[in-house]
Amino acid sequence: MLISSAIRVGLLGAAGLLSGLSAQAQKAVVPRSRTFVLTSTATVPVPPAGTKTLDLWLPVPHADASQDVSKLTIDFVEPAGGRTPTKIERGAYGNQMFHLRLTTVPTAPLVITIKGQITRREHLNLRANTPTAKPAKEKTDPNLARWLAPDRLVPLDAKIKQQAEEVVAKANAKTPLQKARAIYEHVVSTVTYDKTGQGWGRGDIYYACDARRGNCTDFHAIVIGYCRSLGIPARFSIGLPLPAERGHGEIKGYHCWAEFFTPETGWVPVDASEAAKNPDKRAYFFGAHDENRVEFTRGRDVELAPKQAGPPLNYFVYPYAEADGKPLDVARKYEYSDIIAQ
């Protein structure tokens, strides 16, 4: 016999184009926003015979300065015969995830649905292009040292540092902001958005530097790696993209982006892959992230909470499961439906 479980959980807790505006006009800039319902569905297959414990982790959008999360519900039907521990866990860097541990292993696929209302705001840092702009108020990031350290696929060795130094020297960049801009312009100019062949999508900086093509993960591996190698903190975020047109539908893939930090500007949003795909928005995406996205997690080499048996995840945007500590493929589906103000 199956019993139904429903859990309602309260969560924890146009830069380049604006450079010519007067200080008074800048004060009037109101970031665009978008409110929508996001539905995430994970389908866990029946694990191998003899499995004693099944663990599942699903990323849960978190609230921060750029997005609000409300009306969160988590629904699933669990096997009878035992209590199922379930909890919204908080990992590093403010990441949140739903963890489910089953000791009564299901004999049919297990379907978990997470639904929530998201309001995503355009993230603008006007100081990226106008030094006299009023700085945004933001909390101090306690992980600045981490955002200067290497990732498994983004090493900060002598070769990477030399490449970064050549880029900024060619641009005659002196300040951290100038250096970050030189790196951004270099990546947008020399890397092609191309998801063909093998090797793309892992965020391997050496693959991206050699192949000069890839997806958002590859673009931002270079941006982040070059910045960090020059002493500029840079952090990685990943989530889902939404089409600019309001409506409803399925979201087929993920999207990732980056930010870098200087004491003069604070955190500056950049999206090199979107700039490469949309050349007319190249100036905009240095200092801005549009509202057509939702963030799931921050950082790479992710250790889940509670910690998974397997190695750290390259990034965490899709459901992850383990059967007795061994990875188990999980099917997923993401759908959005805009809420249009009347």
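Residues numbered from 1 in each chain as written. Predicted model: local features only at pLDDT ≥ 70, side-chain atom pairs only at ≥ 80, totals over all residues. Heavy atoms only, no water.

Peer 1: Which parts of the structure should I look at to understand the sheet that holds strand E13 (residues 255–262)?
Peer 2: Think of a sheet as strands paired side by side through backbone hydrogen bonds, with each pair either parallel or antiparallel. With antiparallel pairing, four strands are arranged side by side in an open sheet as E14-E13-E11-E16. Strands at the two margins of the open sheet, each flanked by one partner only, are strand E14 (266–270) and strand E16 (293–298). With strand direction ignored, the average angle separating the axes of adjacent strands in the sheet is 35°. Two elements, strand E11 (residues 234–241) and E16, share five bridges in a ladder whose sense is antiparallel. Looking at the pairing, Ile-238 lines up with Thr-297 of E16. (Pairing = 2+ DSSP bridges. Helix = DSSP H or I, 4+ residues; strand = E, 2+ residues; numbered from the N terminus. Axes fitted to C-alpha atoms, helices over the stretch in contact; angles between N-to-C directions.)

Peer 1: Is there a simple way to explain the environment of Val-168 in this structure?
Peer 2: Topologically, Val-168 is positioned in helix H2 (residues 158–170). With a relative accessible area of 7%, Val-168 lands in the buried category. Spatially, the C-alpha atom of Val-168 lies 5.5 Å from that of Lys-179, the residues being eleven residues apart in sequence. Leaving out residues up to four positions away in the same chain, Val-168 has contacts with Ala-173, Lys-179, Ala-182, Ile-183 and Leu-230. (Buried < 20%, exposed > 50% of the residue type's maximum accessible area, 1.4 Å probe, protein only. Contact = heavy atoms within 4.5 Å.)

Peer 1: Just to check I follow, could you spell out the packing of aromatic side chains for this structure?
Peer 2: The relative placement of two aromatic rings is captured by the distance of their centres and the angle of their planes. All told, the structure shown has 13 aromatic pairs when counted by the stated rule. Taking the centre distance of 5.9 Å and the plane angle of 65° together, the rings of Phe-296 and Tyr-334 count as edge-to-face. One end of the pair, Phe-296, is in strand E16; the other, Tyr-334, is in strand E19 (residues 331–338), and 38 residues separate them in sequence. Across this residue pair, the class does not change: Phe-296 and Tyr-334 are buried. Aromatic side chains Tyr-318 and Tyr-334 sit 6.1 Å apart centroid to centroid with 25° between the ring planes, which places their arrangement in the stacked category. With Tyr-318 in the loop between E16 and strand E17 (320–323) and Tyr-334 in strand E19, the pair connects residues that are 16 residues apart, well separated along the chain. According to the relative accessible area criterion, Tyr-318 is buried, its value standing at 18%. Exposure remark for Tyr-334: the relative accessible area of 4% places this residue in the buried category. (Phe/Tyr/Trp six-rings, centres within 6.5 Å; stacked < 30°, edge-to-face > 60°.)

Peer 1: Before we go on, may I ask you to explain the pattern of salt bridges in this structure?
Peer 2: Pairing between side chains of opposite charge can happen when the charged atoms of each approach one another. According to the stated counting rule, one finds 20 salt bridges in the structure shown. The salt bridge involving Arg-235 is made with Asp-141; its shortest N-O contact spans 2.5 Å. Of this pair, Arg-235 sits in strand E11 while Asp-141 sits in the loop between strand E8 (123–124) and H2, and the two are 94 residues apart along the sequence. The class for Arg-235 is buried, based on a relative accessible area of 8%. The shortest N-O distance in the salt bridge between Asp-290 and Arg-293 comes to 3.3 Å. (Salt bridge = Lys/Arg side-chain N within 4 Å of Asp/Glu carboxyl O.)

Peer 1: Could you clarify how one ought to interpret the environment of Ala-65 in this entry?
Peer 2: Within the secondary structure, Ala-65 sits in the loop between strand E3 (54–60) and strand E4 (67–79). What makes Ala-65 exposed here is its relative accessible area of 72%. Note: C-alpha distance between Ala-65 and Lys-139 (74 residues apart in sequence) is 9.3 Å.

Peer 1: For this particular structure, what's the right way to read the nonpolar core?
Peer 2: One broad trend across soluble globular proteins is that nonpolar side chains are buried collectively. In this structure, Tyr-226 and Phe-260 are the most contacted members of the largest nonpolar core, which totals 57 residues. A per-element tally of this core places helix H5 (residues 216–229) first, with eight residues. Residues contacting Phe-260, with those up to four places away along its chain left out, are Leu-177, Ala-180, Cys-227, Ile-232, Pro-233, Ala-234, Gly-266, Trp-267, Val-268, Val-270 and Phe-286. Formed by 20 residues, the second largest nonpolar core is a distinct cluster that contains Leu-56, Phe-98, Leu-102 and Ile-112. (Core = buried A, V, L, I, M, F, W, Y, C linked by side-chain atoms within 4.5 Å.)

Peer 1: What am I meant to see in the side chain of His-255 here?
Peer 2: By the secondary structure assignment, His-255 is in strand E13. A distance of 2.8 Å separates the side chain of His-255 from the side chain of Asp-271, its partner in a polar contact. With sequence-adjacent residues up to four places away left out, His-255 is seen in contact with Cys-216, Ser-237, Ile-238, Gly-239, Leu-240, Pro-241, Asp-271, Ser-273, Glu-274 and Arg-293. (Polar contact = N/O pair within 3.5 Å; in protein donor to acceptor, adjacent residues only side chain to side chain.)

Peer 1: Would you explain helix H3 (residues 176–190) in this entry?
Peer 2: For H3, which comprises 15 residues, the first-to-last C-alpha distance of 21 Å matches the rise-based estimate of 21 Å (1.5 Å per residue) to within 8%. Looking only at H3, the buried set comprises Leu-177, Ala-180, Ala-182, Ile-183, Tyr-184, Val-187 and Val-188. (Expected span 1.5 Å × (residues − 1).)

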